[in-house]
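Structural overview
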Amino acid sequence: MNDGHDDMTTQTTSKIALVAGAGGIIGHAVAHELKRQGWTVRALARRPLDGFPSITADLTDDAATAAALREAADTTHVFYAALSPDPDLATEAERNGRMLGNLLDGLEAAGAPLQRVVIYQGFKIYGIHLGAKVRTPARESDPVHMPPNIYLAQEAQLKARAASSRWDYVALRPDVVVGDIHGNPMNIALVVGVFAELSRALGIPMRFPGTDKAYGQLVQFTDAGLLARASLWAATSDKAAGEAFNVTNGDVFRWDRMWEDMAGHLGLQTAPPVPLTLARHMADKGPLWRDIAAKSGLVEPDLGKLVGWGFGDFIFHTETDVISDVNKIHRFGFTERMDSSESLIAAIDSLKRKRVLP
């Protein structure tokens, strides 16, 4: 496997990272990868991150953010993965744009020698969440849609400040991120793993809980570790400055094959899909999960805190192909690829070792 780092600067002694949203599936992987590569890393999150100097701040509060960021006055690179979702798209866009603006203003007030901001967008920038049949493979040059959109609001904040600053920014656009942390509602490995174990406990096949059409669409993943390595490249590559890049594992799959692969790995049988609204259908499974957790000594017995079933509903009911064109990032110098089945299996196995799954 190509490590994809041919264009990277190797000297990291003066690079000091602030990872915003460090407790999430993206930020957690980025913080650990930067630390492995010798960077000085601070975590900015709702709760302190084990193993890292941490700053806690409410990014919606400009004064509190500025006060907290005095501790980060030496920051050279920001990796922005903070997210405050809201069902109202206008509220979500305004709030998240303001949060990013408060962070940038706080670092400027602290006199931070900022060089680059790496920010994370997603396939929603192409309008998939609005029911659009996105032209595939989606390209970074594709036209934007009518706002509000969280990513457009955040990029507006970046553009407004970067135009008169010494720093620049890079936007990375992953799709469904596969990782091995819990406490994040948008973790497909947890959705699949918990659904599988509930099926096992009930003595039933592991049946895909989406539609027949969704079962057969071409879709994609982005491994959290691969994304972290792409983030390191994006932070240090001169060619990446000012650009947006799709970043996925580089393969595509259909759930009808992936689902069978996962069931086989977990020792479960499958059967044809039965479309469920998981957010509603799994509401009565809390007591069963508590029993499973007690028997297996799991770290989180509260099913409501463990899994975002609504995220699973969105993924398993998407009835269009979801494919990103990753030729641009490969052309610019990051060329790593990954087998998506292996990525999901590795994440589930890691969650088992951590006693998040039985």
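A word on the packing of aromatic side chains. Evaluated as defined, the whole model comprises 16 aromatic pairs. With a centroid separation of 5.8 Å and an interplanar angle of 70°, the aromatic rings of Trp39 and Phe79 are classed as edge-to-face. Here the residue Trp39 occupies a position in the loop between helix H1 (25-36) and strand E2 (40-44), and Phe79 occupies one in strand E4 (residues 77-80), the gap between them amounting to 40 residues. The burial state of Trp39 is the same as that of Phe79; both residues are buried. Between Phe208 and Tyr215 the ring centres are 4.7 Å apart and the planes differ by 35°, which places this aromatic pair in the tilted class. The buried category is assigned to Phe208, whose relative accessible area is 0%. Residue Tyr215 is classed as buried on the basis of its relative accessible area of 11%.

Turning to the nonpolar core, a few remarks are in order. Ranked by internal contacts, the top residues of the largest apolar core, which has 54 residues, are Ile188, Val194, Trp255, Trp289, Trp309 and Phe316. Of all the elements in the fold, those that place two or more residues in this core are helix H4 (150-162), helix H5 (188-202), helix H6 (212-215), helix H8 (255-266), helix H10 (286-296), helix H11 (303-306), helix H12 (309-316) and helix H14 (340-353). Tallying contributions element by element places H5 first for this core, with nine residues. When neighbours within four sequence positions are excluded, Trp309 is seen to be in contact with Val191, Val194, Phe195, Leu198, Leu278, Ala279, Met282 and Leu303. Core analysis: the next-biggest nonpolar cluster, separate from the first, contains 38 residues, Leu49, Ile181, Ala224 and Val247 among them.

Turning next to the sheet that holds strand E3 (residues 54-55). One open sheet holds the seven strands; their spatial order is E3-E2-E1-E4-E5-E6-E10, and the pairing between them is parallel. Looking at strand neighbours, the two that pair on one side only are E3 and strand E10 (244-246), the edges of this open sheet. Lying over the sheet, H4 contacts E4, strand E5 (116-120) and strand E6 (168-173), oriented at roughly 170° with respect to E5.

As a further point, take the side chain of Thr76. Note on placement: Thr76 falls in the loop between helix H2 (62-68) and E4. Looking at Thr76, its side chain comes within polar contact range of the main-chain nitrogen of Ile16, at 2.8 Å. Thr76 has contacts with Ser14, Lys15, Ile16, Pro113, Leu114, Gln115 and Arg116, leaving out every residue within four places of it along the chain.

Attention shifts here to the side chain of Ser84. Examined against the element boundaries, Ser84 turns out to sit in the loop between E4 and helix H3 (89-110). What makes Ser84 buried here is its relative accessible area of 15%. A polar contact of 2.9 Å, which involves the side chain of Ser84, links it to the side chain of Arg95. Ignoring sequence-local partners within four residues, the contact set of Ser84 consists of Arg46, Glu92, Arg95, Asn96 and Met99.

Calculation rules
- Note that residues are indexed from 1 along each chain, following the sequence as it is written.
- Where local features are concerned, this predicted model is filtered to residues with pLDDT of at least 70; where side-chain atom pairs are given and counted, the filter is 80 or more; whole-chain, interface and lining totals use all residues.
- Hydrogens are left out, water is left out, and the side-chain values use all remaining heavy atoms of the structure.
- Centres within 6.5 Å are what make two rings of Phe, Tyr or Trp a pair, Trp counting through its six-membered ring; a difference in plane orientation under 30 degrees is then read as stacked, over 60 as edge-to-face, and the rest as tilted.
- Under the DSSP-based scheme used, a helix requires at least four consecutive residues in state H or I and a strand at least two consecutive residues in state E, with every element numbered from the N terminus.
- Type-normalised accessible area, obtained with a 1.4 Å probe on protein chains alone, sets the label of each residue: buried when under 20%, exposed when over 50%, and partly exposed for intermediate values.
- The set of buried Ala, Val, Leu, Ile, Met, Phe, Trp, Tyr and Cys residues whose side-chain atoms join them within 4.5 Å is what this entry labels a nonpolar core.
- A contact between two residues is defined here by any heavy atoms of the two lying within 4.5 Å.
- Two strands are counted as paired when DSSP detects at least two bridges linking them.
- The convention used is that axes are lines fitted to C-alpha atoms, helices contributing only their stretch in contact, and that angles between N-to-C directions extend from 0 to 180 degrees.
- Pairing of N or O atoms within 3.5 Å defines a polar contact, subject to two protein rules: one partner must be a possible hydrogen donor and the other a possible acceptor, and residues neighboring in sequence count only if both atoms are side-chain atoms.

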